[in-house]
Amino acid sequence: MIIRTRIAAAVAACLATGAVMAAGPAVVSGPGENPACFKPWDASTKYFQWPAKKGPYRIALANGFVGNTWRIQMIKMAKAYAATPEMKSQIKEFKIVSTGTDVAAQIAAMDNFINSGYDAIVTIAVNPTAFAPVIKRANAAGIVVVPFDNVLDSTEVMMVNEDQTAMGAQSGEWLVKNIPSKSGRLLEVRGVPGNSVDRDRHLGFRKVVEAPGNKFEVVEVVGNWDDGTAQKAVADAVAVHKNFDGMYTQGGSTGSVRALIDAKHKMIPVAGEAENGFRKLCVERAKDGLLCTSLGQSPGLVAISMKAAVAALQGKVMPQLISVPIPTATHPDFKAGENYFPDLSDNFFTTNDFPPCGVTLKATDIMSKDEKNN
C-alpha cells in the first residue's frame, strides 16, 4: 500500500509538472529586458519569463519557403550573426532547415528539433494558424519558440515583427498622396499566398485605397516576393490592361519596375520593398517620372529573434510581441552608401542594421555565407 501510494504521488507530481510546463512561459509584469531593442508592440502587450537555463545553447532556425532573395539573405544573416563574438559564446550548436511551403514538413522539422533537445527554435511560419499544437509540444519540453516575419495568430508565443498591416497602409497612403485625382488603375503585386505577411499587407493597403473618396480600380497579381516571378506577373498585367497609374509591390520590386521599363510603360508612383536594385532604379529613373517609396521588411529580423531567444533562455523578462520599426526611404531622400548601395548587387536588401540591439553586420559578412541547410 505504501509503495502504491508513493507511485501514485510520483505520477501525480509528474503530471502536475507536465501541466505547468505545457502552459508555456510564466506571464509576468514588465518592463522587459532591453526595451530599446525588445520594444513591446503596444501598451497591452503582456510579458513572458522562462526558467533560466545555463548556456551555451542549441538553437535552430526552422525556415519554410526559400525561393526568393529575401529568404536567402535572411539565412545568410542568421549564419553571420551566429558567428559574431556576442552570439558565438552563447551558441553550442546552430542548425538551419528550410522545408518549402509544406506546412506539415515545417511542423515535422520543428518536432524533430523538439525531440532532439534543442533549447530554442526561431521560425518563419508557413501558415499563421497551423502551429498551435507544435507550440504546445515545445512549451511542454521547455523550448523557447520565436516566430518572426510571417508570425502566428497567437498571443501564446513570443514573436518578432514589423507591423505588416501598417506597412501596407503606409504604402497605400503614399500612393494616394501621389495620385492627386485619387482615381485610376493600380497594380498590386502580392507575396506568397497563405502567409500572414502577404495577408496583412494586402489588408492594410486595400483599406486605404478603397476608403471613401477614392475611386481606384485595383488589379491584383502574385509575385511571391521574387524578382523573376514579379517581373513576369507585371509584364502579363501590362499586356492585358495596358496602363496603370500606380503600383504597390510587396517584394520583387526590382523585377516589378523592370517589367514597366521593358514594356515602355510610363513611369508612375511605385511603393515597393527595400531591395537595393529597386532603390537604384528609383534614383536612375527619377528624371523619367519614376517616383518611389521603399519600405523594408528587414532580413535582420532573424538576428533580433535569435538575440531574443537567448535572452529568454537566460530567464530575462520579454515582451510577448516585439515591435521592430519599419525602415523607410522615399524620393528624393535616396542616398548612395547610406540607404542604397551602387556597388552591391540588386538583390541585396538594404535594411540590416539595428544599433539598439547591437546588430550591425557588414554586407560582406552577410553575403559571404550560403543559404544551405546545415
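Everything quoted here is computed from the prediction, not taken from an experiment.

J.: So what exactly am I meant to see when it comes to the packing of aromatic side chains here?
T.: Two numbers describe a pair of aromatic rings. These are the distance of the centres and the angle of the planes. What the rule picks out here adds up to four aromatic pairs. Between Phe 48 and Trp 50 the ring centres are 5.8 Å apart and the planes differ by 85°, which places this aromatic pair in the edge-to-face class. Judged by relative accessible area, which is 1%, Phe 48 ranks as buried. The ring centre of Tyr 118 lies 4.1 Å from the NZ or CZ of Arg 58, which sits over that ring.

J.: What is the right way to look at the state of the cysteines in this model?
T.: Defined simply, a disulfide is a covalent bond joining two cysteines at their sulfur atoms. The final tally for this structure, using the stated rule, is two disulfides. One disulfide bridge connects Cys 282 with Cys 292, the sulfur atoms lying 2.2 Å from each other. Linking Cys 282 and Cys 292, the disulfide has an S-S dihedral of approximately -95° and is accordingly described as left-handed. With Cys 282 in helix α10 (residues 276-284) and Cys 292 in strand β12 (residues 291-295), the pair connects residues that are ten residues apart, well separated along the chain. By sequence-ordered numbering of the bonded cysteines, the chain has its disulfides arranged as 1-4, 2-3.

J.: Whenever I open this one, the sheet that holds strand β3 (residues 57-63) confuses me. Can you help?
T.: Sheet strands pair via backbone hydrogen bonds, and the direction of the pair is either parallel or antiparallel. With parallel pairing, the four strands of this open sheet are ordered in space as β4-β3-β5-β6. A single partner strand is all that each edge strand has here, and the edge strands are β4 (91-98) and β6 (144-147). On average, adjacent strands in this sheet sit at an angle of 15° to one another, irrespective of strand direction. Against the sheet, helix α4 (residues 103-115) makes contact with β3, β4, β5 (120-123) and β6, and its axis sits at roughly 175° relative to β3, the strand it touches most.

Rules behind the numbers
Residues numbered from 1 in each chain as written. Predicted model: local features only at pLDDT ≥ 70, side-chain atom pairs only at ≥ 80, totals over all residues. Heavy atoms only, no water. Phe/Tyr/Trp six-rings, centres within 6.5 Å; stacked < 30°, edge-to-face > 60°. Buried < 20%, exposed > 50% of the residue type's maximum accessible area, 1.4 Å probe, protein only. Lys NZ or Arg CZ within 6 Å of the ring centre and 35° of its normal. Disulfide = S-S within 2.5 Å. Helix = DSSP H or I, 4+ residues; strand = E, 2+ residues; numbered from the N terminus. Pairing = 2+ DSSP bridges. Axes fitted to C-alpha atoms, helices over the stretch in contact; angles between N-to-C directions. Contact = heavy atoms within 4.5 Å.

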